[in-house]
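Descriptive analysis of the structure
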Amino acid sequence: MKKLINDPKNVVNESLAGFAAAHSDLVRAEYDPNYVVRADAPTAGKVAIISGGGSGHEPLHAGFVGYGMLDGAVPGAVFTSPTPDPILAATQAVDGGAGVLHIVKNYTGDVLNFETAADLAAAEGIEVRAVVTNDDVAVKDSLYTAGRRGVAGTVLVEKIAGAAAQRGDDLDAVTAIAEKVNAQVRSMGVALSPCIVPHAGEPSFTLAEDEIEIGIGIHGEPGRERIKLEPADAIVERILGPIVEDIPFASGDKVLLLVNGMGGTPLVELFIVYRHAAEVLAAQGIEVTRSLVGNYTTALEMQGFSLSVLKLDDELTELWDAPVQTAALRWGR
Amino acid sequence: MKKLINDPKNVVNESLAGFAAAHSDLVRAEYDPNYVVRADAPTAGKVAIISGGGSGHEPLHAGFVGYGMLDGAVPGAVFTSPTPDPILAATQAVDGGAGVLHIVKNYTGDVLNFETAADLAAAEGIEVRAVVTNDDVAVKDSLYTAGRRGVAGTVLVEKIAGAAAQRGDDLDAVTAIAEKVNAQVRSMGVALSPCIVPHAGEPSFTLAEDEIEIGIGIHGEPGRERIKLEPADAIVERILGPIVEDIPFASGDKVLLLVNGMGGTPLVELFIVYRHAAEVLAAQGIEVTRSLVGNYTTALEMQGFSLSVLKLDDELTELWDAPVQTAALRWGR
Amino acid sequence: MALGLSWTLDWIRRSGAVIADKRVELITLDRAIGDGDHGENMDRGFQAVVPKLAMLDDDATPGDALKLVATTLISTVGGAAGPLFGTAYLKAAIAVGSAPELDGAAVVALLTAARDGIVLRGKAEVGDKTMIDAWTPAVDAAVAAEASGASEAEILAAAAEAAAAGAVATEPLVAHKGRASYLGERAIGHRDPGAQSTAYLLQAAADAAQAA
Amino acid sequence: MALGLSWTLDWIRRSGAVIADKRVELITLDRAIGDGDHGENMDRGFQAVVPKLAMLDDDATPGDALKLVATTLISTVGGAAGPLFGTAYLKAAIAVGSAPELDGAAVVALLTAARDGIVLRGKAEVGDKTMIDAWTPAVDAAVAAEASGASEAEILAAAAEAAAAGAVATEPLVAHKGRASYLGERAIGHRDPGAQSTAYLLQAAADAAQAA
Ligand SMILES: Nc1ncnc2c1ncn2[C@@H]1O[C@H](COP(=O)(O)OP(=O)(O)O)[C@@H](O)[C@H]1O
Ligand SMILES: Nc1ncnc2c1ncn2[C@@H]1O[C@H](COP(=O)(O)OP(=O)(O)O)[C@@H](O)[C@H]1O
Ligand SMILES: [Mg+2]
Ligand SMILES: [Mg+2]
Ligand SMILES: [Mg+2]
Ligand SMILES: [Mg+2]
């Protein structure tokens, strides 16, 4: 295992300290329990939004704390949901009296820990709602499973709900917008290489020099099938198919296309992927009117990418375009 | 070699097409010869700035084309300087009558090809200046070598010179600012893993599971020494020493600290590096007043990072803070 | 012999020791069908629990100790295992109330409440390839042993043995809960890490009773 | 036998063939002490040159063909090698002027002008571990051969042999120009890729003359 770390036990704390120091104009970090909030939190009268989950997915979520997006983020241990304490502490720190929305990726651990924290916050008189994101079409959604995972589409939920909260929507409205985005976004990923969790020291799985893993999650959990390496265009078609068929997206739809790097894939490759994905959508009459290409929801140093497609309407487009000022996403101010 | 590509021959063109499609609000790409310019180029009366070099360093340089930074970028083949034709074509496309500054990283190929293009542009009546960046302290600077390499400090030159041009400085003034930034910035890098050039298909070098390469360049060229893997803090100290001693930076200096990822290193590690680098500088009385952490000057999928330290004064700080709107660097608009 | 505070403390200390010992094994199980952190999570939790035992008063009850485990696991483990085991110990603590000593019926009540707490939070059934596949056979075995007049140590030994068998029995299953459910058929052939850690924790309980 | 257009075309075509053939070898040399693209760069250039030869008129001169090589290499190769070889062919074209046939003196003038062009652009001296370490011995050998009354084919054979020896002789050197100069002592033991490609190009010239 070759990593730029000191003690594996200190990865999250040291990284958080570096992040907070590099972005002290935007955020403030608290330790023990660990959380990050906007430098000027709480904002009186504004609905606050927090998200969180295991670390190792940076910039998710702390990189999205700031004006127009999240009010706080709660980083757990690497790939491990945070416990209720820091979630509660962050909820208290951001509450401006208008309620707090928890955006939670659908993993058993995240859901349970956020639930407990929400119960504790409610007991202290804070109104809390939760939206559980589950955009990953690689996983069968059924009553008999833990359901779909929340993956890169979560970033779009956070941005758009964040814009709604920033313009002054109330808790019901912000929650509804977040649910709408989650309902209209679908994602799927692929890995060319595994990742190594610092405390494990071993790759999450092994892939031969000519193999890739289709339907990969963002924790190095194995995907739905393993195939031989293909040209980028063929891989794009392979994962775009299930995404488009799911809702389904249809000719005439306007969409946002997110090409998300898993952490170890260079930008030059992500743009090759973007080119063909946009081309394939266009051939189906689906118009890409907004796009985002980069490393936004990662799995440490994993090589690979995911595609997310979000159906846009005028309101979502306007909220997407609204100013945002965070470490990882910034425009308009 | 596992990459998200189709034919290695088409890597640059397809990636460029994806980049231009994803950022059509900011840039326009031209092909054969390949270059990228601002969507609204040329800007009449404004000094124009272009840069370029081999591809594989993304977002450098095309990711920095836009308001407040570059007017154009010329991507060559992977790790190969572009030829004079596209440099000339880009120079003509951005010229707004106030002259064009070429920002060139100090490599024999880049310098020679930009020189030829500048001669051809001059023959057509365009006033061209060149600033050659050479911030890499890993390489001995001497009359008897090709001199220091231009590495990640180039981004700082491009941002600050771009802000000067945007505020209306004339060609002499913009050139002087670019030279000043280059004179005040020093960098050094380290690799944990090599990169693989698509047409070569083989790693640029091999490193044992417990080895790292100190003083690495951005083309997978070997560095100045190979050592055993160390904790992140020790590596930071090892490369920060030569940087600080070079100018030298001194107690009381205000600086910008850039932690630049080489492409395959996750953000969580870059922030661990940032934390200690800022700490070490602070202990020497050097105050980090501005910072930038992320993948800005990469070497494909190489794992590793470089540190750059730029001495700031009020003018440079103001120009750094000035609005910029590019694919990879954006604030203030 | 009814089991008191010293058994409870011994159980918890033995739990910390066995989890530390099996940390890598549990990580490896979780790497195969999950995300490779179960051993790390459980170890972080029990390493936090053990030093806190010194804070308990001399007249503390087994329930007090179980509650300390519950709150510490909830606030240090995270992931799925944190809330699930945390709830288990919390419900177990409530079940044994303030009794200074636990007889066979109390031991059965403890195990049953723990299992029920996990089901309440996680909604898993037997056969879903989760820790419930170790807990439920353990509870069943404990009930049967108690009914046949076994001692507390024998009840716990029966529970531990059934949990271990239950963990092994998760191997051929497809998962319906937790991360392994994402894998479909590919989870077949791998043992559920939470069922395995459950077996180790119950073995620690039995060993502590044996030594009591 | 003086060398005309057909020799020039044959030289260029043989150059294209040998560079394609040695592409991987040149990449490998450049990976060791540079950035691993020299074979790719040169191959891209010559693959662009060869089809363009058909565009030359039947009454074109050797100088016209060399100029076509020059402009094509300049506009397709990039890197350090593009401008350096481009300048070499450009200066060679100027040196041979519009002569339809090249005698021994013209061959020497061609080689000398090419070398001088590279030095003009790249400022390298013999011993700097660059292509000049192949070019300069080649020019010296050509001058000597011509002075001793050798034929055009013999002059080129002498030049090619000296270039090949010059390329080998770069191995023990520390580099003072180009990317290998960043390596200091670590460049020792590796052959300079540009010197090696020079040797192949001059061998192609000699082979073409031999076959003429
Ligand atoms: N819904 C559930 N009900 C019961 N147990 C569950 C459930 N979901 C997961 N588990 C258990 O949790 C274990 C995984 O714990 P751990 O790896 O620590 O958490 P995470 O899955 O969040 O990484 C699984 O092996 C399984 O036994
Ligand atoms: N200043 C110079 N003068 C002469 N030859 C040089 C000089 N710099 C580099 N070279 C030659 O160029 C070769 C490298 O060419 P190439 O790999 O195509 O370009 P780059 O170094 O830009 O990647 C070296 O092997 C060397 O022979
Ligand atoms: Mg986990
Ligand atoms: Mg090159
Ligand atoms: Mg796990
Ligand atoms: Mg090269």
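Here the structure is a predicted model, which is why all the values come from computation and not from measurement.

1. Concerning the overall build of chain C
Scanning chain C from N- to C-terminus turns up 9 helices and 0 strands. Tracing chain C from N to C terminus, the helices and strands come up as α-α-α-α-α-α-α-α-α. By the compact-globule yardstick of 17 Å for 212 residues, chain C fits well, its C-alpha radius of gyration being 16 Å. For chain C, the C-alpha atoms occupy an extent of roughly 50 × 35 × 30 Å along the three principal directions. Sequence-distant contacts, at least 24 apart, represent 72% of the contacts inside chain C between residues at least 6 apart. Total accessible area on chain C is roughly 7,700 Å²; 56% of this is exposed by carbon and sulfur atoms. One finds the centroid of the 17 positive side-chain charges in chain C at a distance of 9 Å from the centroid of its 27 negative side-chain charges.

2. Comments concerning the interface of chain A and chain B
Between chain A and chain B, the residue contacts involve 51 residues of the former and 51 residues of the latter. Summed over both partners, the interface of chain A with chain B comes to about 4,400 Å²; 63% of that surface belongs to carbon and sulfur atoms. By the criterion of area lost to chain B, the three top residues of chain A are K2(A), L4(A) and F271(A), representing 20% of everything that side buries. Taken together, chain A and chain B are joined by 2 salt bridges.

3. A short note on the arrangement of the chains
With 3 pairs of chains in contact overall, the greatest share of contacts is found between chains A and B. At their nearest point, the C-alpha atoms of chain B and chain C are still 18 Å apart, with no contact between the two.

4. Considerations on the packing of helix α1 (residues 5-21) of chain C against helix α3 (residues 38-52) of chain C
Residues and elements named next belong to chain C. Close contact between α1 and α3 brings their axes to 9 Å; oriented N to C, the two are set at 145°. For the pair α1 and α3, the sense of crossing is left-handed. Where α1 abuts α3, its residues I12, R13, S15, G16, I19 and A20 lie against M42, D43, F46, Q47, V49 and V50. Here the contact of α1 with α3 is built from residues that sort into 7 nonpolar, 3 polar and 2 charged.

5. A few points about the domain arrangement of chain A
Residues and elements named next belong to chain A. Along its sequence, chain A is carved into domain 1 (15-183) and domain 2 (185-324 + 327-331). A separation of 22 Å is found between the C-alpha centroids of domain 1 and domain 2. Contacts between the two partners involve 39 residues from domain 1, matched on the other side by 46 residues from domain 2. Seen at the junction of domain 1 and domain 2, the total is 4 salt bridges. Residues K180 and D313 are paired through a salt bridge, measuring 2.7 Å at the closest nitrogen-oxygen approach. At the level of elements, α4 (153-166) and α5 (171-184) are the ones that each hand at least two residues to the side of domain 1 that touches domain 2. In terms of residue count, the dominant contributor to the side of domain 1 that touches domain 2 is α4 (7 residues). Residue composition of the side of domain 1 that touches domain 2, by class: 22 nonpolar, 8 polar and 9 charged.

6. Quick look at the interface of chain C and chain A
In this complex, chain C contributes 29 residues to the contact, which on the side of chain A involves 39 residues. Regarding the contact of chain C and chain A, the summed buried area is about 2,500 Å², with carbon and sulfur atoms giving 52% of it. It is R31(C), Y182(C) and R186(C) in chain C that bury the most area against chain A; as a group they hold 29% of the surface buried on that side. One can count 2 salt bridges joining chain C with chain A.

7. Focus on the site of ligand 2
In the region of ligand 2, 21 residues are neighbours, and D35(D), D37(D), A80(D), G122(D) and D192(D) sit closest. Chain contributions to the surroundings of ligand 2 come from chains B and D. Between an oxygen atom of ligand 2 and a side-chain N or O atom of D37(D), the distance comes to 2.9 Å. Out of a free accessible area of 570 Å², ligand 2 has 96% covered by protein chains. Element by element, the count of residues in the shell around ligand 2 is highest for helix α9 (residues 193-211) of chain D, at 3 residues. Split into classes, the residues belonging to the shell around ligand 2 amount to 7 nonpolar, 8 polar and 6 charged.

8. Brief notes about helix α8 (residues 152-169) of chain D
With 18 residues, α8(D) extends 25 Å between its outermost C-alpha atoms, agreeing within 8% with the 26 Å of an ideal straight helix rising 1.5 Å per residue. Buried residues of α8(D): E152(D), I155(D), L156(D), A159(D), A160(D), A162(D), A163(D), G166(D) and A167(D), and no others.

9. Brief notes about the pattern of salt bridges
On inspection of all chains with the given rule, the structure shows 61 salt bridges over all chains. Here E279(A) ties to R275(A) by a salt bridge, and the two come within 3.5 Å at their closest N and O atoms. With a gap of 4 residues between them, E279(A) and R275(A) both fall in helix α7 (residues 267-283), about one helical turn apart. The exposure class assigned to E279(A) is partly exposed, which follows from its relative accessible area of 38%. For R275(A), a relative accessible area of 21% puts it in the partly exposed group. In this structure, D169(B) engages R167(B) in a salt bridge whose closest nitrogen and oxygen atoms are separated by 3.0 Å. In this structure D169(B) comes out as buried when scored by relative accessible area, which is 17%. By sharing partners, the salt bridges in this structure join R167(A), D169(A), K180(A), D313(A) and E315(A) into a single network.

What counts as what
- Residues numbered from 1 in each chain as written.
- Chains lettered and ligands numbered in written order.
- Predicted model: local features only at pLDDT ≥ 70, side-chain atom pairs only at ≥ 80, totals over all residues.
- Heavy atoms only, no water.
- Helix = DSSP H or I, 4+ residues; strand = E, 2+ residues; numbered from the N terminus.
- Rg over C-alpha atoms; globule rule 2.2 N^0.38 Å.
- Contact = heavy atoms within 4.5 Å.
- Areas by Shrake-Rupley, 256 points an atom, 1.4 Å probe, with all protein chains shown as cover.
- Lys, Arg positive; Asp, Glu negative; His and termini not counted.
- Charge placed at Lys NZ, Arg CZ, Asp CG, Glu CD.
- Buried area = accessible area lost by both parts, 1.4 Å probe.
- Salt bridge = Lys/Arg side-chain N within 4 Å of Asp/Glu carboxyl O.
- Axes fitted to C-alpha atoms, helices over the stretch in contact; angles between N-to-C directions.
- Left-handed = near helix turned anticlockwise from the far one by under 90°.
- Nonpolar A, V, L, I, M, F, W, Y, C, P; charged D, E, K, R; others polar.
- Domains from an automatic or database assignment.
- Near = heavy atom within 4 Å.
- Polar contact = N/O pair within 3.5 Å; in protein donor to acceptor, adjacent residues only side chain to side chain.
- Expected span 1.5 Å × (residues − 1).
- Buried < 20%, exposed > 50% of the residue type's maximum accessible area, 1.4 Å probe, protein only.

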